[in-house]
Amino acid sequence: MFQTLLAGFSAVIGFNGNVSVERFFYDKHSDNVLREYNDSCFYVLLFSFVVVMLGCYIFDSTLSSFLSIPISWIYLTVVISFLNFIVVFRLGQFQIRKEAFYFGIIQVTGALFNVLLSILFVVFLKYGPKGRIDAIIISSFFMAIISIISLYKDDLVGVFRVSFFKIKEVLKLGLPLIPHTLGIFLLTAVDRFIINNKLGLDSAGIYMVAVQLSMTLSMIFDAVNKAIVPWLFEELNNKSTNKYLIVKYTYMYFLVLFFISIFIFFVGDYFVVLIVGVKYKIAGEIIGWLCLGQIFSGMYLMVTNYLFYAKKTGKLAMVTIFSGGCNIIFLIIFINYLGLIGAAYAFAFSMFIRFILTWIISSIYIDMPWFKFKDIVKKR
């Protein structure tokens, strides 16, 4: 519940200013302009932090009761979200500049430090759940400090001069993404609440084991997308770009994902038993459908980038909210009739809907030869 709340606040803290900054980079501005824009992003971060803190102060007792966690933990999620935004901002600057090595160093160092502290506090010092949370906040603080030092060293932030025009520009792209992140929550997190309510905590636990295993694919797709975005945005900026070649590569990627999904349906149940044991065998029956949902998510990433490039994040939010709403409806209906596997069906169908709708809308704003198959095959 702590991590679910953390995910929710992380979607709000900063108002997605890091996404706005990354898109602004490809408009080819001077270093001084980029630095001022980055500074404005941090003003937005501070403002959002204050807003969320005030909201927690008003509703802390309600949140504590609903989530069954101490009130102090609620405020910790806000602080951690604030610190994590700084790290994500630093990672984004590495990504758009194609500095993959340094991106990996920061990412791996933070994860490793988090894991080692968690093992120390939980396993050896027996702090229990508090130990895990202590590990998260200490590692987040440590990595945020490193990120700030790195940003100053690379001269990516300045003296934080106030530019209301640039703050407005940051918010213009970032704010419409908040409903989008809410929709992602409806797609990826609300299922555990409904399963727990209708089938019980044991079923929720089994389902989450399968979800965690399927998220291996999500991490791979996310890494691929992070590598592709800088290249894609530069190609879209180039008027002489061979769009047929981009589409051809995209379809080849889709084909690979399709064969991966078929393979998982055949070996998924054996894989689950091998990793987590026979007592979670039921999770093997749903892993294929969950992985299929992740496959659709991987395909979605290949088409959603066009909406970010076109700065049509509001349209993206509409699609995600609609897909999240479909997921809730599917969950309620399918779980009643099919049980646990119904939740997996709901996830896969909802992810498919999000992928198709995003693809359709992105094709409206960025003209790509998606259906000129003869020309796509011929182009090299």
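See above for the structure.
Residues numbered from 1 in each chain as written. Predicted model: local features only at pLDDT ≥ 70, side-chain atom pairs only at ≥ 80, totals over all residues. Heavy atoms only, no water.

Caption draft 1: Summary view of the overall build of the protein. Check the secondary structure of the protein and you find 15 helices and zero strands. Compactness check: the protein gives a C-alpha radius of gyration of 22 Å against a globular reference of 21 Å for 380 residues, within 12% of the reference. With respect to the three principal axes, the spread of C-alpha positions in the protein is 60 × 55 × 35 Å. Carbon together with sulfur atoms contributes 70% to the accessible area of the protein, which is approximately 19100 Å² in total. Each charge class in the protein was averaged separately, 31 positive and 20 negative side chains, and the resulting centres sit 6 Å apart. (Helix = DSSP H or I, 4+ residues; strand = E, 2+ residues; numbered from the N terminus. Rg over C-alpha atoms; globule rule 2.2 N^0.38 Å. Areas by Shrake-Rupley, 256 points an atom, 1.4 Å probe, with all protein chains shown as cover. Lys, Arg positive; Asp, Glu negative; His and termini not counted. Charge placed at Lys NZ, Arg CZ, Asp CG, Glu CD.)

Caption draft 2: Structural view of the packing of helix α5 (residues 100–124) against helix α6 (residues 129–153). The interhelical angle for the contact between α5 and α6, taken along N-to-C directions, is 150°, at an axis separation of 8 Å. Looking at the two axes, α5 sits roughly antiparallel to α6. Note that α5 runs across α6; the crossing there is right-handed. In this structure, α5 contributes Ile 106, Thr 109, Gly 110, Phe 113, Asn 114, Leu 117, Ser 118, Phe 121 and Val 122 to the contact, and α6 contributes Gly 131, Arg 132, Asp 134, Ala 135, Ile 136, Ile 138, Ser 139, Phe 142, Met 143 and Ile 146. Split into classes, the residues belonging to the contact of α5 with α6 amount to eleven nonpolar, six polar and two charged. (Axes fitted to C-alpha atoms, helices over the stretch in contact; angles between N-to-C directions. Parallel < 35°, antiparallel > 145°, perpendicular 65-115°, else oblique. Left-handed = near helix turned anticlockwise from the far one by under 90°. Contact = heavy atoms within 4.5 Å. Nonpolar A, V, L, I, M, F, W, Y, C, P; charged D, E, K, R; others polar.)

Caption draft 3: Examining helix α3 (residues 31–67) more closely. Taking 1.5 Å as the rise per residue, α3 with 37 residues should run 54 Å; its terminal C-alpha atoms sit only 45 Å apart, a clear shortfall. Considering bend angle alone, the principal kink of α3 is centred on Phe 59 and spans about 70°. One or two residues past the end of α3 sits Ser 68, with phi positive at roughly 60°. (Expected span 1.5 Å × (residues − 1). Bend = angle between axes of the 7 residues up to and from the residue.)

Caption draft 4: Broad picture of the pattern of salt bridges. For the coordinates displayed, the defined rule picks out eight salt bridges. With its nearest N and O atoms 3.0 Å apart, the salt bridge here joins Lys 98 to Glu 234. Of this pair, Lys 98 sits in the loop between α4 (71–96) and α5 while Glu 234 sits in helix α10 (residues 201–237), and the two are 136 residues apart along the sequence. Taking the relative accessible area as the measure of exposure, Glu 234 reaches 31% and is therefore partly exposed. With a shortest N-O distance of 2.8 Å, Asp 134 and Lys 130 are connected by a salt bridge. Of the two residues, Asp 134 and Lys 130 both sit in helix α6, four residues apart, roughly one turn of that helix. A relative accessible area of 18% means that Asp 134 is categorised as buried. Among the charged side chains, a salt-bridge network with shared partners connects Arg 23, Asp 27 and Lys 311. (Salt bridge = Lys/Arg side-chain N within 4 Å of Asp/Glu carboxyl O. Buried < 20%, exposed > 50% of the residue type's maximum accessible area, 1.4 Å probe, protein only.)

Caption draft 5: Representation of the nonpolar core within the structure. Counting residues in hydrophobic clusters, the biggest one holds 107 residues, and the most contacted among them are Tyr 207, Phe 254, Leu 290, Tyr 306, Phe 355, Met 368 and Trp 370. Element by element, the count of residues in this core is highest for helix α12 (residues 281–309), at 17 residues. Once you skip the residues sitting within four places of it in the chain, Trp 370 turns out to touch Val 247, Thr 250, Tyr 251, Val 303, Tyr 306, Trp 359, Ser 363 and Ile 376. (Core = buried A, V, L, I, M, F, W, Y, C linked by side-chain atoms within 4.5 Å.)

Caption draft 6: How the structure looks around the packing of aromatic side chains. In total, this model carries 32 aromatic pairs according to the counting rule given. Measuring from centroid to centroid gives 5.6 Å for Phe 254 and Phe 355, while their planes differ by 85°, and the two rings are edge-to-face. Within this pair, whereas Phe 254 is found in helix α11 (residues 243–276), its partner Phe 355 is found in helix α14 (residues 340–365), the two being separated by 101 residues in sequence. Each member of the pair, Phe 254 as well as Phe 355, is classed as buried. Here Phe 258 and Phe 259 contribute two aromatic rings whose centre-to-centre distance is 5.7 Å and whose plane-to-plane angle is 65°, an arrangement assigned as edge-to-face. Note on Phe 258: relative accessible area 43%, which makes it partly exposed. The rings of Tyr 251, Phe 254, Tyr 306, Phe 355, Trp 359, Trp 370, Phe 371 and Phe 373 are connected pair by pair, giving a single aromatic cluster. Between the NZ or CZ atom of Arg 90 and the centre of the ring of Phe 94, over which it lies, the distance is 3.6 Å. The ring of Tyr 300 carries the charged tip of Arg 354 above its face, separated from the ring centre by 3.7 Å. (Phe/Tyr/Trp six-rings, centres within 6.5 Å; stacked < 30°, edge-to-face > 60°. Lys NZ or Arg CZ within 6 Å of the ring centre and 35° of its normal.)

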